[in-house]
Every structure is written in C-alpha cells, then in structure tokens.
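A structural walkthrough
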Amino acid sequence: MDDQPSVPPARGRSPLHALLPRVPHEPGVYRFLDGEGAVLYVGKAKDLRKRVASYFKRGGGAAAPHGRTAEMVARARDLEWVVTASETEALLLEDNFIKEHRPPFNLRLRDDKSYPWIEITTVDEWPRVRFFRGRHVPGNLYFGPYSSARKVRETLDVLGRIFPYRKCRGKQPGRVSGSPCLQFFIKRSLGACDGRVEHDEYMEVIAQVVDFLRGRLGAVERDIARAMEEAAEAQQFEKAALLRDRLEAVRHVQERQSARVEAVEAFDVIGLHQGEPGSNLQVFRVREGAVVDRQTFFVDNAEGREPGDVLEEFLLEFYWEAATIPPEIVAPLEEPEHVAAALGSRRGAKVVVRAAKRGPKRRLLQLAQRNAELAAEAEAERRQRKRLARGEALVALQDALGLPSPPLRIECYDISNLGERHAVGSMVVFEGGVPKKAHYRKFAVREVAGQDDFAMLAEVVRRRFRRGAAAPAANGEEAAEPAANGEEAPEPAPPEPAPDAATRVGGADASSGSAAAVVPRPGAADESSSGPGAAAISEAAVSDEGAATSVGAPAEERADESFAARPDLVVVDGGKGQLTAVAGALRAVGVEVPLISLAKQREEVFVPGRRDPLPLAADDPASLLLQRVRDEAHRFAVTFHRQRRSADTRRSELFDALPNVGPVRRRKILEHFGSPERFLAASREELEQVPGLPRKVAREIHARLHRTG
C-alpha cells in the first residue's frame, strides 16, 4: 500500500485542479481536507484520478457535484490519497478512516447518535443481558444496533420473561443483604447469587438467549424441550413445569412471525429509499424462514450520493461491530463483490451480498423498499411539521414580547454551582428555534466569591458582551477560537495562571462602553441586524441547519463567530433578581438587547420595568420554546460543573496518595507550580525548592510520583 502525501494546492480556477495530474490511475482511498487540515470527506475508488476528477466537472449535468457534495468541494482546500492493492483493501481502509476521523460529509446515521445494543457480558463469570450504548468491550457479545431504545427494552422484556438469567447489575450476582431478589421468587431468575444453580446450567440459559437473539428459535425450542423431558424422567416435576412454560413462550413468539419464506437459512434484506430530508434504510432479519425483526434507520449526508455508495457505507457501518453477520444479505447493490469480501473477512466465513431477481426473496426486497419509501415520507412530514411549529413559536414569542421581528437568534444563560467551589456559567444559542451547538460557550466564574447567583450571572453576561465588542468583526483584535467540538472558547491565559486555569473557558474582559437602557420593547433590538417580519419567516430560517456545527471555516472567521453575533433575545434562567442583575451588566457594557427571565417554579416570564410576569400560559408555543432553551442552558451548565468537580476530585485523590502532604502543603505546592500538570512534571530539585516543604518530604514525593527509590 503506497501512501501519497498531500501537495499544497495551486492557485487557479479550482484550488485542487493542479493536483489532478498527480493522482494515479490506481485503486485507493482519497481524503478531502479543509484549510486547517481537518478531514471533510473520505472516499474510495477503483481509479483514483477518474473518481477525483468527477468532483470538478462543470455544468448542470448528472455528473456535476450538487447538494452536500458541492458544499464539500467548495470548502476543500487540500487532497490526500492512499494507493491500495485492490478495491477490497480500499473499502476496508476507507471504513477505518471514517471511524477514525468521523468526517462531516460522510454518511452518518441520523444525528450521529450512538444506537442502542443488547449486550451479553460473557467476560463475567455469571453473564448479564442488558441495554447498552457506547464503545464495545472485547469479549462481550452485542446484538444490534437497534433503531430505538424502546425496541431494545421491549426485546429485553420478552427475554426476561422467558429466560431466567440474573437481572442484578453488578459484575458479581447478588445484593448487599445477601438474600435473593424478587426476580428469584417470581421464577424469573435461577438464583445465581445464592448458589442455587450450577454454573453450567446458568450458561445453558445464556446460550439459549444468544440463539434467541440470533433468530434460531427452532434450536432454542429443541433445547428447552430436551431439558424438559430430562427433568420429567428424573421426576423433577417443578423444574419440568417451569421449562414447559418457557417452551410455550418461545413457541408463542415463533408463531407471531407471520411473514415467512420457504427457507431455513438466515439472511437479511436491506431496502433503501433516497429522498428528502435524507435516506431511509429498512433491515429485515429473516431466520429459519421467518421475519423476526424489522429496523428503520435514517441517514444524513446522503443528498446527491449514489445509492450504491450509500448502501456500501451503511453495510459496513451496520455490520462491522455486530455480533453476527448473516451468510447472505439481500440488497439492491449492483457491484457487491468488494463489500461481500470485506464482511466475509470480518465474519470469518463467506458472505454473499446480492440483489434478488425473483422468488420470495425478491418479494421481501420489494417489501423492504416500500417500507423505506413510506418511512421516508413520514419523516419528511414530521420534519415539516416541526419546522412549521418552530416558526409559529417564534412568531408567538415576537407577539408576546412586542419585538419588531421574530427572535431568530436566542441566547440563554445559566449558573451551576455546589457550595462556593466550581461555579460555572453556560451560554447556549438557538437559531431558528433549534440549538446551534457550535456557538455554545462555557464560563468558569472567577470574580465572585461565595454563592451569589445574581453576581455570577452578571459576570458571565458582562464577559460575553465585552468579548463581542473586542471581536475581530468589530475592531480587528484577536479573539479566542472555539474548540473543535464547538462547545468551548478558551480564554487568553492570565499573566499568573491560577491552579485551575486550564479549565477556564469563556470571555476575556475588555474595556466597557457607555451605559444604555435594556428593555425588551419594540425597537430595542439592533436595527442593523433585525430579521424579517412575522409573515416572512423563511423555511430556511427555521430549518434543521441551525443545529450544524461550523466545521472547516477558516480560523479567523470562526474565532469570533459566536461572540460577534448579536442576539435578537437574551434569556436568563431565574426570576426578577437574576433579571435585574443581568440588566445592570448589559448597561455596564453599553449593550441594548431584548432581555427576559424565565422562572422555573411556575414558568413565569419577567421583563425589565414590569412588576408582574407576562400573561403567557405554560403550554403556549412561545413559552414551550423558552422552556426548551432554558432547559438546554441548565443541562449545559450542569455538565460543565460536573466536569470541573470531577477533575478537582481526581487532583485531590492524587494529593491524598502523597506521603506527608496535607491541606497546607498541598496549597503551597499549587501556589509554587501554578497547576497540577507542572507539579507532576517537576524534577526532584524543583520539588525541593517549594517554600515550606522539607527536602526529605520532597524526595519522598518525587519517589512516589516516579516510582523510584
């Protein structure tokens, strides 16, 4: 495999045209990069030059890029490629690159969420069967992914009623009290915690669960029937009765499968429909002639993609981490050989991927495609209803607050603290009624001592708008650049950093402007940035694009993007006290912007200059939108607060393990080094120079940290 380094793009009609003669006519993988070197898109090709050249065709023909593909090409500033020995190898390498970089323009399951699985913890002595999300643990079995958490819980409910595996959560069975749980007494657990079942018998139950999840209901039925007969012959009639009930439950599940084909092999059927707002895929699992499950998946970034490309990426994404890959997959794929070879290498046995041309499998494929079409139409209608509802909520909010235009950009602020430590603030942004997470910002409160939520909110808002006044868009000064996840804006390091300076994020203080009134009345919003009228809210203004992060834009444009933007409405979590404090902070920095507060207890909306709350019902669309914004600000603040508290706990645990170091010496160490990181990297000589720390203790600390002596 030959790795070709990138070449700086030449100037011309297209920044990447000069690279085309360098791209070889060989199979491989190519990667489009933005101006900062971040991967925008990963693709594979049988002929790299022909495939890359297709992205730069001009005109309105079918071969010309459009939709998301055209947007990706416009943002690309560099190109890399890797030559492979075969197209199958390129397919595997492409999948590795996608999993490593998570490019924004590659195929993603909708919202890029972690779909749920059923996990069987076979690494445990007494395995558990449980709901699972996250990174898979080597050695455990996973079944899925499932299209919804509800589907997983329904399946687990069926499993729990049929199979008496343990339901306790710990790695070892049992409770602190030592007595069996209720599941044992209602015959839904064998009592592994109390030594009432042999390990081999318990593992037989787990094996039956595995067969059940793999769709081998016939094998499960035969195993239970054999065990029931053995128990009856041994005159263990109570056990035989329990096995009889379990057998009837399995047969009932098997009889519910009405869609059947005359076949005994296991295979999956994949149906695809491409349209707006994205592609829909239906997965029918066929085991022993019965359709045992149907799952629905929506995929993003599929606009303008070829159906074959979408199917290839989905098959690898869906099956790569699966516990079982069926020997046959029926999918409308014209050139399935390379996908079949890749999945076969993963399965360790041959996998056939083909499009059925006739017979019952063809009818199942048509059924899956029809279901995909219907599901895509339903999703499009659902999103359209949500867009209209967001538009109505914005118009209702405009009318309720007397604003000159709908508040397309809403910023909300909240404070989270526990005692006097780790106080933080959050700023969340909604544009067009949906979260814009690229503009979220976190603040570590640093100027307020004690528990004073009013002063903390005033500090956060003051720092935010001072940073906006100092943004490059306003006066050309350098502003902090958001982190890669769009959720953190590191502030410039102070001359003498405090111990927790590494965790401080938010706005830096700048010179304040003149005072101005802060009242949410008609005309109070900045006229230069006011949006359209209530009757002219475009669909684009309340589309789902507001939730997308700003990836790939130049640093000088992204640095001030959030703080430089002017909100149409500022929302504060709290009552009249918080509202008054924030209004004073806005006057101090010379900012005039519509301002309200939302109190949690009765969902009351307060505005400056008005004693009583606005007559806004809690279930009004405008009130519901404000509640969503407020709840998101609260979630974001609490999450950041927990992160800081957890980091401080880890630092405390580090000092607790050091010999002869108490609170006084801990404070002296931090004051001397400035941060735990610098302390951990210190040499023995540097530790001996800490004021008030005996040299013997310094040597003991160095030996403990570096495991020497």
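The rules behind the values
- Each residue is numbered by its place in its chain's sequence as written, counting from 1.
- For a predicted model such as this one, the threshold for reporting local features is a pLDDT of at least 70, and the threshold for listing and counting side-chain atom pairs is 80 or more; totals across whole chains, interfaces and linings nevertheless cover every residue.
- The side-chain figures draw on all heavy atoms in the structure; neither hydrogens nor water molecules are used.
- What counts as a helix is a DSSP run of H or I of at least four residues, what counts as a strand is a run of E of at least two, and both are numbered from the N terminus.
- Residue burial is assigned from relative accessible area. The probe radius is 1.4 Å, only protein chains are included, and a residue is buried under 20% of its type maximum, exposed over 50%, and partly exposed in between.
- Every residue pair with non-hydrogen atoms within 4.5 Å of one another is taken to be in contact.
- For the area figures, the Shrake-Rupley method with a 1.4 Å probe applies, and any residue is considered shielded solely by the protein chains shown.
- Any Lys or Arg side-chain nitrogen found within 4 Å of a carboxyl oxygen on Asp or Glu counts as a salt bridge.
- A patch consists of residues whose relative accessible area exceeds 30% and which take part in no salt bridge; residues with like charges are grouped when within 9 Å of each other, and nonpolar side chains (Val, Leu, Ile, Met, Phe, Trp, Tyr) when within 5 Å.
- None of His or the chain ends enter the tally, which takes Lys and Arg as positive and Asp and Glu as negative.
- A charged residue contributes its charge at one atom only: NZ of Lys, CZ of Arg, CG of Asp or CD of Glu.
- One number per residue, pLDDT, summarises how confident the predictor is, and it ranges from 0 to 100.
- The criterion for strand pairing is that DSSP finds at least two bridges linking the strands in question.
- Lines are fitted to the C-alpha atoms to define the axes, a helix being fitted only along its stretch in contact, and any angle between axes, read from their N-to-C directions, falls within 0 to 180 degrees.
- Among the buried residues, those of types Ala, Val, Leu, Ile, Met, Phe, Trp, Tyr and Cys that are joined through side-chain atoms within 4.5 Å form a nonpolar core.
- Here is the rule: rings of Phe, Tyr and Trp (six-membered ring for Trp) pair when centre to centre is within 6.5 Å. Planes less than 30 degrees apart are stacked, more than 60 are edge-to-face, and the remainder are tilted.
- For a Lys NZ or an Arg CZ to count as sitting over a ring, it must be within 6 Å of the ring centre and within 35 degrees of the ring normal.

1. Structural notes on the overall build of the protein
Secondary structure summary: the protein contains 21 helices and 20 strands in total. With 709 residues in all, the protein has 48% of them scored as buried. Counting only contacts in the protein whose residues sit at least 6 apart along the sequence, the fraction spanning at least 24 positions is 66%. For the protein, the exposed area adds up to about 34,200 Å²; of that, 49% sits on carbon and sulfur atoms.

2. A short note on the pattern of salt bridges
As enumerated under the stated definition, the model contains 25 salt bridges in all. One salt bridge connects Arg130 with Glu119, and the closest N-O pair in it is separated by 2.5 Å. Of this pair, Arg130 sits in strand β7 (residues 129–132) while Glu119 sits in strand β6 (residues 117–120), placing them 11 residues apart in sequence. Look at Arg130 and you get partly exposed, because its relative accessible area is 31%. For Arg382, the salt bridge is made with Glu379, and the minimal N-O distance between the two is 2.6 Å. Here Arg382 pairs with Glu379, and both are found in helix α11 (residues 359–401), just three residues apart, close to one helical turn. On the basis of relative accessibility, which here comes to 30%, the residue Arg382 falls in the partly exposed class.

3. Structural notes on a negative patch on the surface
On the surface, Glu306, Glu334, Glu335 and Glu337 cluster together into a patch of negative charge. Relative to the elements of secondary structure, Glu306 occurs in the loop between β11 (290–300) and α9 (307–319). The class for Glu306 is exposed, based on a relative accessible area of 52%.

4. Considering the confidence of the model for the protein
Mean pLDDT over the protein stands at 75; residues scoring 70 or higher make up 76%. Least confident of the elements in the protein is helix α14 (residues 555–558), whose mean pLDDT is 38; most confident is strand β18 (residues 569–573), at 93. Confidence drops under a pLDDT of 50 for residues 255–262, and excluding neighbours within four residues, the segment shows 14 contacts in the predicted structure. Of the regions scoring below 50 in pLDDT, residues 473–559 engages in 196 contacts with residues more than four places distant in sequence or in other chains.

5. Digging into unusual backbone geometry
The phi torsion at Glu603 lies on the positive side, around 55°, for a residue other than glycine. On the secondary structure map, Glu603 appears in the loop between β19 (595–599) and β20 (604–606).

6. Some points on the sheet that holds β7
One open sheet accounts for three strands, arranged β7-β6-β8; its pairing is antiparallel. Where the open sheet ends on each side, the last strands, each with one partner, are β7 and β8 (141–143). Averaged over all pairs of adjacent strands, the angle between their axes in this sheet comes to 30°, without regard to strand direction. With three bridges joining them, β6 and β8 adopt antiparallel strand pairing. By the bridge assignment for β8, Glu119 is matched with Tyr142. Packing against the sheet, helix α4 (residues 149–162) makes contact with β6 and β7, and its axis sits at approximately 175° to β7. Contacts from helix α6 (residues 199–213) reach β6, β7 and β8, with the element oriented near 155° to β6.

7. Some points on the nonpolar core
Side chains of nonpolar character tend, in soluble globular proteins, to be buried together. The biggest cluster of nonpolar side chains holds 32 residues, and the ones touching the most others in it are Val129, Leu159, Phe163 and Tyr165. Of all the secondary structure elements, the ones that give two or more residues to this core are β6, α4, α6, α7 (217–233) and α8 (237–255). Leaving out residues up to four positions away in the same chain, Leu159 has contacts with Val129, Tyr165, Val209, Phe212 and Leu213. Ranked by size, the runner-up nonpolar core spans 27 residues in total, among them Leu91, Ile270, Leu316 and Ala331.

8. Concerning a nonpolar patch on the surface
Together, Leu182, Phe185 and Ile186 line one region of the surface with nonpolar side chains, adding up to about 320 Å² of accessible area. Among the structural elements, Phe185 can be located in helix α5 (residues 182–185).

9. Points about the packing of aromatic side chains
Taken as a whole and judged by the stated rule, the model has 16 aromatic pairs. Aromatic ring contacts, followed pair by pair, group Tyr30, Phe32, Tyr41, Tyr55 and Phe56 into a single cluster. Seen from the ring of Tyr165, Lys167 lies directly overhead, with NZ or CZ sitting 4.2 Å from the centre. Lying across the ring of Phe563, Arg441 places its NZ or CZ 5.6 Å from the centre.

10. Looking at the environment of Ser189
Assignment of secondary structure puts Ser189 in the loop between α5 and α6. On the basis of relative accessibility, which here comes to 9%, the residue Ser189 falls in the buried class. A C-alpha to C-alpha distance of 5.3 Å links Ser189 and Tyr165, two positions 24 residues apart in sequence. Excluding residues that lie within four positions of it along the chain, Ser189 makes contacts with Pro164, Tyr165, Arg166, Gln183 and Phe184.

11. Notes on the pairing of strand β14 (residues 409–418)
Most of β14 is tucked away: nine of the 10 residues are buried. Here β14 pairs with strand β15 (residues 421–431) via nine bridges, running antiparallel. Its bridge partner being in β15, Ile415 is matched across the sheet by Gly425. With four bridges connecting them, β14 and β18 associate as parallel partners. Looking at β18, one finds that Glu411 is bridged to Val570.

12. Focus: the pairing of β6
Every second residue of β6 is oriented toward a common face, with Trp117 and Glu119 on one face and Ile118 and Ile120 on the other, all of them buried. As paired elements, β6 and β7 share four bridges and run antiparallel to each other. Paired with Ile120 across the strands is Val129, a residue of β7.

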